[in-house]
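# A closer look at the structure
If you want the building blocks of each chain, they are given just below.
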Amino acid sequence: MGLALPRLYAIVDPLDTGRAPRALAAALLAGGARVLQLRLKDAPARVLLEEARAILPLARAHGARLIVNDRADVAAAAGADGVHLGQEDLPVAAARGILGAERIIGFSTHSEAQLETAHASGADYLALGPIFATTSKAAADPVIGCSRLRAARALVTQPLVAIGGITPTTARDVLAAGADAVAVISAIVRAPDVERATADLLELVAH
Ligand code: 3NM
């Protein structure tokens, strides 16, 4: 059976806010997020593991999933629900060897060509971005936009997570263009009240 993802895919990345990852995760969960990705780009693997281990029981207490960005080894060591792989991380098959059949593997793509290739990768869900301009990712690829997203949706059968510059103003358009979920960092993490911003965005994207 295919993976069912909630419509909001919340990323635990403090950016430059100084917020602690655990506090951020707690606020996202309190606001209603039910899938979290832990993304600490500059953190050593040891720190990523410590944070994942600290956040996992919080996620479990809310019935939420925790996915670790980039590192299948860290995801496995933490007992997390899965890993999210970028184009330069381990190939999906290698990560599957580490994580087994039951854990979730997501895979980032940044163009129609990458998405088509990813279809047969064995990933449980695929991400496509950046949909809009973003400052949250170093060296982001060219913007895709909603009309290309709509066409790209038909290229794959896995759940498709749209990412990059998505805000409360655009989230519904992105879902209407065929994304199954919206992944968000700054629209929530930079909000003065993270819990409130999460709850508001969830309400906005509810069926
Ligand atoms: N990946 P925000 S864009 C982590 O294009 C990430 O694959 C992207 O953050 C991609 O919601 C991005 O603040 C940043 O724009 C998303």
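What you see as residue numbers is a count from 1 along each chain, following the sequence as written. Confidence filtering applies because this is a predicted model: local features only for residues at pLDDT of at least 70, side-chain atom pairs given and counted only at 80 or more, and all residues used for totals across whole chains, interfaces and linings. For the side-chain quantities, the full set of heavy atoms in the structure was used; hydrogens and water were omitted.

Before going further, it helps to spend a moment on the site of the ligand. Distances are taken per atom, and a residue is near a molecule or strand as soon as one of its heavy atoms is within 4 Å of it. Around the ligand, the structure places 13 residues, and the nearest of them are Gly129, Thr134, Ser136, Gly165 and Ser186. Gly129 places a main-chain nitrogen or oxygen 3.1 Å from an oxygen atom of the ligand. In the analysis that follows, any N or O atom pair within 3.5 Å is treated as a polar contact, provided that within protein one partner can donate a hydrogen and the other can accept it, and provided that, for residues neighboring in sequence, both atoms belong to side chains. Contacts to the ligand include Gly165, whose backbone N or O atom sits 2.7 Å from an oxygen atom. Protein contacts shield 97% of the accessible area of the ligand, which totals 420 Å² for the unbound molecule. Lining residues are defined by having an atom within 4 Å of a point belonging to a cavity or pocket. Those points lie on a 1 Å grid over the protein atoms alone, cavities being sets where a 1.4 Å probe fits but cannot get out and pockets being open sets with protein on both sides within 12 Å along at least five of seven lines. Put plainly, a molecule is in a cavity or pocket when over half of its atoms are within 2 Å of the grid points there. In this structure the site holding the ligand corresponds to the largest pocket. When its residues are assigned to classes, the shell around the ligand shows four nonpolar, seven polar and two charged. Residue-level accessible areas treat just the shown protein chains as cover; the underlying method is Shrake-Rupley with a 1.4 Å probe. Ten residue types, Ala, Val, Leu, Ile, Met, Phe, Trp, Tyr, Cys and Pro, are classed as nonpolar, four, Asp, Glu, Lys and Arg, as charged, and the remainder, Gly among them, as polar.

How two helices pack is summed up by the angle between their axes together with the distance between the axes. Between helix H1 (residues 21-30) and helix H9 (residues 194-205), the shortest axis-to-axis distance is 7 Å and the interhelical angle comes to 40°. Considering how the two elements wind past one another, H1 and H9 form a crossing that is right-handed. From H1, Leu24, Ala27, Leu28 and Ala30 reach across to H9, where they touch Val194, Glu195 and Thr198. Here the contact of H1 with H9 is built from residues that sort into five nonpolar, one polar and one charged. Angles run from 0 to 180 degrees between N-to-C directions of axes, and those axes are lines fitted to C-alpha atoms, restricted for helices to the stretch in contact. Secondary structure elements are defined from DSSP: runs of H or I of at least 4 residues count as helices, runs of E of at least 2 residues count as strands, and each element is numbered from the N terminus. Should the near helix be turned counterclockwise from the far one by less than a right angle, the crossing is left-handed, whereas a clockwise turn marks it as right-handed. Contacts are assigned to residue pairs with any non-hydrogen atoms lying within 4.5 Å of each other.

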